[in-house]
Amino acid sequence: MKKNLLINRIRQGAILLAMVLTFAACTDDPNPTIDPETILTGQTKTYVLKAVGNSGISGTALLEETSTGNSKLTISLTGTPNGGSLPAHIHFNSAAQGGGIAVSLTPVNGTTGISETTFSKEDDGTPISFSDVLAYDGYINVHLSATDLATVVAQGDIGSNELTGTSKTYTLNSVADPSISGEITFEERINGFALATISLTGTPDGGSHPAHIHANSAAIGGGIEFTFNPVNGTTGMSKTDTREGIMDGEDGFTYEEILEVDGYVNVHLSADNLGTIVAQGDIGSNELTGTSITYPLNSVAVPSISGEITFEERMNGFALATITLTGTPSDGMHPAHIHANSAAVGGGILYTFNPVIGATGISVSDTRKGMMDNEATYTYSQILTVDGYVNVHLSAEDLGTIVGQGNIGANFE
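Residues numbered from 1 in each chain as written. Predicted model: local features only at pLDDT ≥ 70, side-chain atom pairs only at ≥ 80, totals over all residues. Heavy atoms only, no water.

### Concerning the overall build of the chain
Under the convention used in this document: To qualify as a helix, a DSSP run of H or I must reach at least 4 residues; to qualify as a strand, a run of E must reach at least 2; elements of each kind are numbered from the N terminus. As defined in this context, the radius of gyration uses C-alpha atoms, and a globule is described by 2.2 Å times the residue total to the power 0.38. Any two residues having at least one pair of non-hydrogen atoms within 4.5 Å are treated as being in contact. Exposure was quantified through the Shrake-Rupley algorithm and a 1.4 Å probe, taking into account, for residues, occlusion by the shown protein chains and nothing else. Positive charges come from Lys and Arg, negative ones from Asp and Glu, while His and the chain ends are left out of the count. Charge coordinates come from a single atom per side chain, which is NZ of Lys, CZ of Arg, CG of Asp or CD of Glu.
Scanning the chain for helices and strands turns up four helices and 28 strands. What you see for the chain is a C-alpha radius of gyration of 30 Å, clearly larger than the 22 Å of a compact globule of 413 residues, by over 25%. By its C-alpha atoms, the chain is 105 × 50 × 35 Å across when sized along the principal axes. Here the contacts in the chain between residues at least 6 apart in sequence split such that 57% fall between residues at least 24 apart. As displayed, the chain has an accessible area near 19,400 Å², and 53% of this comes from carbon and sulfur atoms. Each charge class in the chain was averaged separately, 15 positive and 44 negative side chains, and the resulting centres sit 13 Å apart.

This is the structure:
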C-alpha cells in the first residue's frame, strides 16, 4: 500500500513538473503561478445520469483526477431549461435507497447544461480523494431548482454502486388480473449487490403494489424474505437496492445470491389486500431451463374432459408440473396424482399434485414437494423414467371416478 502511494505521488509530481516547465516556456513570466487543481493526471471515470420521470433531461458526469489526487466533476446535460439553475449534489447510498447530501456541487447552468466542481472533501469536512470517489457509496442528483429540490430531473449511481453491465431478467406472469404482467431485472453493481427493477404493464393509475421475494417456488409458496419498494401503479415501476430490504431486519442479497436463491417474486394488489396477487414469477434456482415434456391426459369417465400435463425442468433439477384440462366444471376441485405402474396395470399413489381448479382447468405443482407429507420427490430426469401414470379424479369424495388419465415416463409410448 505504501509503495503504491509513493508511486502515485511520484507520478503526480512528474506531471506537475512537466506542466510547470511547459507553461514557463510559453510565458515571459520567470516565476509563473499554476494552480495544481487545474492540472489533470488523465485518470477519468464517466457515469451516466438518466432522466427521472418525464424530465427529458439526461447526460453524463465526468470525474477527473487532479495532480493533487483530488476530483474535478463535470456534469454535462441535454434538455435543461434555458436560463435555469439546477442544483446538484453527490448523495450517500444508492439512488434506490436514497440518502443525505455528501458533496454540494456547482449548480448546472440551464443554458449550457454544464456544471464543473473541483472538490477534496465532503460538506462536513471529511477528506475525499479521487480514488475514494471511485469506490464511493453514493449517487448524483440534479434537481429542478433551488426552490424545488424535491423534483429530481436527472440521477445516476456512482462509485461502488455503478452497474457492471451484467444482469438477469425474470418474467412476472399475470395472476388475479390478466391485464397486469411484466418482468423483474436484477443488475449487478460493482459492490456485488444488485439494482432490482420491476416493470409492469396494466397497473392502475395511482395504485401502490407491495412486492416481495418469497421462499420456495411459487407452486409451493413460502414466507417473505425480502421487501422491494412498492410498484408505482402510474408508472408500473419499482427500483430497489438488494443489499437492504425496506423492512427492518431483512437480509440483503448479492447478485450471485439472487441467481441461486430458492425463491419467487409476488406483486400484490395493495397493502390492504396482500392476498390478491397481480403478478408472480419464479427466480434463482427455480428458473425454468426451457427443457420440457408433455404427456396427454385422456378422457375416462367424462368424455368432455381431457387435456395434458407438462413437466418443465428447473435450474435446481426439479420440475414445474402443469396440468391443463378442458371441460372441467367451474365449481369443481379435482385431485391428481402420479400412480405406480402403467394405467393398464394400476397402482398406489406415489405423488400428489395440487388439485386441478375446475374454473380454470389448471393445476401447478413443484415436483420436489408433493401435497401430502412423506411423499417422494422427483427430479425432471426421474420424471422421464418413472414407472407411473397420472390420474385426475372427479373429487376428493369420489376418487373412484377418473376424469383424466395418461401414462408418463417409462410407460409413455
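Next comes the rest of the write-up.
### A short note on the sheet that holds strand S23 (residues 336-340)
To be explicit about the condition: We call two strands paired when DSSP finds no fewer than two bridges between them. Fitting a line to C-alpha atoms yields each axis, with helices limited to the stretch in contact; the angle taken between N-to-C directions then spans 0 to 180 degrees.
Strand order in this open sheet of four strands is S24-S23-S27-S28, and the pairing throughout is antiparallel. Across the chains shown, the open sheet's two edge strands, defined by having one partner strand only, are strand S24 (349-352) and strand S28 (402-409). Shown here is a sheet whose adjacent strand axes are inclined to one another by a mean of 25°, direction ignored. Of the pairings in the sheet, the one linking strand S27 (residues 387-393) to S28 comprises seven bridges and is antiparallel in character. Residue tyrosine 389 lies in a different strand from S28, and its bridge partner there is asparagine 407.

### Topic: the packing of aromatic side chains
Just so we agree on the cut-off: Note on aromatic contacts: the rings of Phe and Tyr and the six-membered ring of Trp form a pair at centre separations within 6.5 Å, being stacked when their planes are under 30 degrees apart, edge-to-face when over 60 apart, and tilted otherwise. Any residue under 20% of the maximum accessible area for its type is buried, any over 50% is exposed, and the rest in between are partly exposed; the area is computed with a 1.4 Å probe on protein chains only.
A full pass over the atoms with the stated rule returns 10 aromatic pairs. For the ring pair phenylalanine 311 and phenylalanine 353, a centre distance of 6.5 Å and an interplane angle of 45° mean the geometry is tilted. Here phenylalanine 353 lies in the loop between S24 and strand S25 (356-357) and phenylalanine 311 lies in strand S20 (residues 306-314), a separation of 42 residues in the sequence. For phenylalanine 311, a relative accessible area of 0% corresponds to the buried category. Aromatic rings pair up to connect Tyr295, Phe311, Tyr351, Phe353, Tyr378 and Phe412 into one cluster.

### A closer look at the nonpolar core
Filter applied, for reference: Nine residue types can take part in a nonpolar core, namely buried Ala, Val, Leu, Ile, Met, Phe, Trp, Tyr and Cys, and a core is a set of them joined through side-chain atoms within 4.5 Å.
One finds Ile75, Ile90, Ile140 and Val142 to be the most contacted residues of the largest nonpolar core, which totals 25 residues. For this core, the elements supplying multiple residues, two or more each, are strand S1 (40-51), strand S2 (58-66), strand S3 (71-78), strand S4 (85-92), strand S5 (101-109), helix H2 (130-134), strand S7 (137-145) and strand S8 (148-159). What isoleucine 90 contacts, discounting residues up to four positions off in sequence, is Leu73, Gly100, Ile101, Ala102, Val103, Leu105, Phe119, Tyr136, Tyr139, Ile140 and Ile158. One finds Phe186, Ala196, Ile213 and Phe228 within the second-largest nonpolar core, a separate group that totals 23 residues.

### Section: the confidence of the model for the chain
The cut-off we apply is this: The quantity called pLDDT is the predictor's confidence in a given residue, expressed from 0 to 100.
When pLDDT is averaged across the chain, the result is 93; 92% of the residues are at 70 or more. Between residues 1-7, whose pLDDT stays under 50, and residues either more than four places distant or in other chains, the model counts zero contacts. Under a pLDDT of 50 for its full length, residues 15-26 has, in the predicted model, 11 contacts with residues more than four places off or in other chains.

### Here we look at the side chain of glutamate 65
Note the following rule: Identification of polar contacts relies on pairs of N or O atoms within 3.5 Å, with a donor-acceptor requirement for protein atoms, meaning one able to donate a hydrogen and the other able to accept it, and with residues adjacent in sequence counted only if both atoms are side-chain atoms.
Among the structural elements, glutamate 65 can be located in strand S2. For glutamate 65, a relative accessible area of 8% gives the class buried. A distance of 2.7 Å separates the side chain of glutamate 65 from the side chain of threonine 41, its partner in a polar contact.

### Regarding the pattern of salt bridges
Convention followed: Whenever a carboxyl oxygen of Asp or Glu lies within 4 Å of a side-chain nitrogen of Lys or Arg, that contact is scored as a salt bridge.
Applying the stated criterion across every chain yields a total of 10 salt bridges. Where aspartate 241 meets arginine 189, a salt bridge forms, and the shortest distance between an N and an O atom there is 3.2 Å. Of this pair, aspartate 241 sits in strand S16 (residues 237-241) while arginine 189 sits in strand S10 (residues 181-189); the two residues are 52 residues apart in sequence, bridging distant segments of the chain. Residue aspartate 366 is joined to arginine 368 by a salt bridge in which the shortest nitrogen-to-oxygen separation is 3.4 Å.

### Observations regarding the pairing of S7
Among the nine residues that make up S7, seven are buried, leaving the element largely enclosed by the rest of the structure. Where S4 lies against S7, five bridges are found, and the strand directions are antiparallel. By the bridge assignment for S7, histidine 91 is matched with tyrosine 139. As judged from the eight bridges shared by S7 and S8, these two strands associate in the antiparallel manner. Across the sheet, residue serine 145 finds its bridge partner in S8, namely aspartate 148. Between S7 and the antiparallel strand that follows it, S8, lie two residues.

### So, the side chain of histidine 212
Tracing the backbone through its elements, the reader meets histidine 212 in strand S13 (residues 211-215). Judged by relative accessible area, which is 6%, histidine 212 ranks as buried. Among the polar contacts listed, one links the side chain of histidine 212 to the side chain of histidine 268, at a separation of 3.0 Å. If we ignore the near neighbours within four places in the chain, the residues touching histidine 212 are Ile224, Phe226, Thr227, Phe228, Tyr264, Val265, Asn266, His268 and Leu274.

### Looking at the environment of glycine 83
Its location among the elements puts glycine 83 in the loop between S3 and S4. Take glycine 83: its relative accessible area is 63%, and that puts it in the exposed class. With 240 residues separating them in the primary sequence, glycine 83 and isoleucine 323 have C-alpha atoms 64 Å apart.

### Overview of a negative patch on the surface
Defined as follows: Patches here: salt-bridge-free residues with over 30% relative accessible area, like charges joined within 9 Å, nonpolar side chains (Val, Leu, Ile, Met, Phe, Trp, Tyr) joined within 5 Å.
A cluster of acidic residues, Glu225, Asp251, Glu256, Glu257 and Glu260, forms a negative patch on the protein surface. It is helix H3 (residues 255-260) that contributes the most residues to the negative patch, three residues altogether. Tracing the sequence through the fold places glutamate 256 in helix H3. In this structure glutamate 256 comes out as partly exposed when scored by relative accessible area, which is 44%.

### A few points about unusual backbone geometry
Notably, asparagine 93 is not glycine yet its phi reads approximately 75°, a positive angle. Owing to a relative accessible area of 27%, asparagine 93 belongs among the partly exposed residues under this scheme. The phi angle at asparagine 216 is positive, at roughly 75°, despite the residue not being glycine. Here asparagine 216 is to be found in the loop between S13 and strand S14 (224-227).

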